[in-house]
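# Understanding the architecture of this molecule
Okay, here's what each chain looks like letter by letter:
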There are 2 protein chains.
Amino acid sequence: MSKRADVTLSELQIALMRVLWRRGETSTADVAAELAQDRGLKHTTIATLLTRLEKRGVVAQRRDGRQLFYRAMVEEADVRRSMVADLIGALFAGDAQELVAHLVQESEIAPGDLAKVKRRLARGDHDAN
Amino acid sequence: MSKRADVTLSELQIALMRVLWRRGETSTADVAAELAQDRGLKHTTIATLLTRLEKRGVVAQRRDGRQLFYRAMVEEADVRRSMVADLIGALFAGDAQELVAHLVQESEIAPGDLAKVKRRLARGDHDAN
DNA sequence: TCCTTTCTACTACAACTGTAGTACGACATT
DNA sequence: AATGTCGTACTACAGTTGTAGTAGAAAGGA
């Protein structure tokens with residue numbers, strides 16, 4: 001009935017997904033090109049990763065000739081939702097306010113920025129700063 | 001020079017640590033009692049988990065007779081710091097403000113609560129609501 | 001038509017995690 | 001002393017992740 005809730009991915013898997021989120025359907029080679037660049041991973045490694053994500057249903061593959069194209073089956077927002085919720089559950093007793101307090105205390109964010117974020121969201125501006 | 005930075009723990013490992021954070025030095029049996037209760041885990045499972053955390057240096061053990069007592073070697077704040085930083089890095093392009101925006105958009109927190117958190121921190125009140 | 005390059009499929013392998021079972025020594029109880 | 005109990009140490013085993021190598025088909029070039 002609701003969204004496919006639990007999508008937890010590793011950092012590397014998220015990096016893979018980011019490529020697909022940004023570019024839409026992408027060939028293995030193109031994904032590999034970006035990741036191999038940034039992280040020195042071999043093409044076969046990327047191919048393996050993509051195959052596994054496909055097996056999990058996180059991405060879907062389409063074949064065209066001998067090439068495979070992948071596209072994301074989960075949205076970035078879904079992954080954020082479930083992973084943030086998991087973190088809050090595990091580390092902040094399920095209380096999101098505690099997480100915000102942590103961010104301020106650890107100087108991850110300045111107190112004044114809270115208001116800034118609030119204002120920007122109030123404006124319906126979901127992006128800029 | 002700085003704090004032992006990278007402490008990433010699984011949900012279950014965090015649950016273990018929470019016991020140690022709350023109770024200080026605790027015997028295997030006592031940790032097991034709490035966790036076995038909540039999660040239906042066997043004592044030997046908890047013992048294994050603790051041994052592994054000890055090997056990683058996350059906890060330290062002290063032997064008294066045939067019993068082992070464990071205590072946390074990392075603070076909860078350290079774990080929060082590194083895990084939150086990892087999450088922000090992986091999922092919010094390193095921008096903590098984006099995480100806060102996410103919390104508000106996904107209704108994990110009400111816009112008005114941002115101010116509330118801010119006020120309470122300004123008061124130096126690091127706990128209550 | 002061969003040789004080379006390109007891709008995918010399959011296999012491999014070590015680390016880490018969740019979850020226990022078993023063996024064995026120390027203690028407590030008859 | 002004989003037994004049962006408690007607690008630790010060691011072993012096990014499947015699933016996931018990071019990382020790749022190799023084989024074999026296909027496509028492109030010379």
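Calculation rules
- Residues numbered from 1 in each chain as written.
- Chains lettered and ligands numbered in written order.
- Predicted model: local features only at pLDDT ≥ 70, side-chain atom pairs only at ≥ 80, totals over all residues.
- Near = placed C-beta within 6 Å.
- Nonpolar A, V, L, I, M, F, W, Y, C, P; charged D, E, K, R; others polar.
- Least-squares fit on C-alpha atoms with pLDDT ≥ 70 in both.
- Contact = placed C-beta atoms within 7 Å.
- Axes fitted to C-alpha atoms, helices over the stretch in contact; angles between N-to-C directions.
- Helix = DSSP H or I, 4+ residues; strand = E, 2+ residues; numbered from the N terminus.
- Parallel < 35°, antiparallel > 145°, perpendicular 65-115°, else oblique.
- Left-handed = near helix turned anticlockwise from the far one by under 90°.
- Pairing = 2+ DSSP bridges.
- Expected span 1.5 Å × (residues − 1).
- Buried ≥ 20, exposed ≤ 12 C-beta atoms within 10 Å, placed from the backbone.
- Arc of directions from axis to C-beta.

### Details of the protein's contact with DNA strand C
Taken together, 21 residues sit near DNA strand C, with T28 and L68 of chain A together with S10, L12 and T48 of chain B positioned nearest. Partitioning the surface near DNA strand C into residue classes produces six nonpolar, eleven polar and four charged.

### Section: the relation of the copies chain A and chain B
Once chain A is rotated about the relating axis by 180 degrees and shifted along it by 0.0 Å, it coincides with chain B to within an RMSD of 0.0 Å. Here the symmetry operator amounts to a two-fold rotation axis. Among all C-alpha atoms of chain A, that of L114 of chain A lies closest to the rotation axis, at 3.1 Å. Most of the interface of chain A is mirrored in chain B: 100% of its interface residues are interface residues there too.

### Description of the packing of helix α2 (residues 28-39) of chain B against helix α3 (residues 43-56) of chain B
All names here are of chain B. The geometry of α2 relative to α3 is characterised by a closest axis approach of 9 Å and an angle of 120 degrees between their N-to-C directions. When the axis of α2 is compared with that of α3, the two are oblique. The way α2 lies across α3 gives a crossing that is right-handed. Residue-level inspection shows T28, V31, A32, L35 and A36 of α2 in contact with α3, the latter providing H43, I46, A47 and L50.

### Quick look at the sheet that holds strand β2 (residues 59-64) of chain A
All names here are of chain A. Strand order in the open sheet formed by three strands is β1-β3-β2, with antiparallel pairing between adjacent strands. Edge strands, defined here as strands with exactly one partner in the open sheet, are β1 (26-27) and β2. In terms of strand pairing, β1 meets strand β3 (residues 67-72) through two bridges, oriented antiparallel. Note on β3: the bridge partner recorded for T26 is Y70. Helix α3 (residues 43-56) contacts β2 and β3 of the sheet and is inclined by roughly 115 degrees relative to β2.

### Examining α3 of chain B
All names here are of chain B. Taking 1.5 Å of rise per residue, 14 residues should cover 20 Å, and α3 covers 20 Å from first to last C-alpha, within 8% of that figure. Regarding α3, the residues found buried are I46, L49, L50 and L53. Axial view of α3: buried residues confined to an arc of 95 degrees, hence all on one face. Across α3 from its buried face, at more than 90 degrees, point the exposed residues T44, T48 and K55. G57, located one to two residues past α3, shows a positive phi value of around 85 degrees.

In short, shape yes, function no, at least from these values alone.
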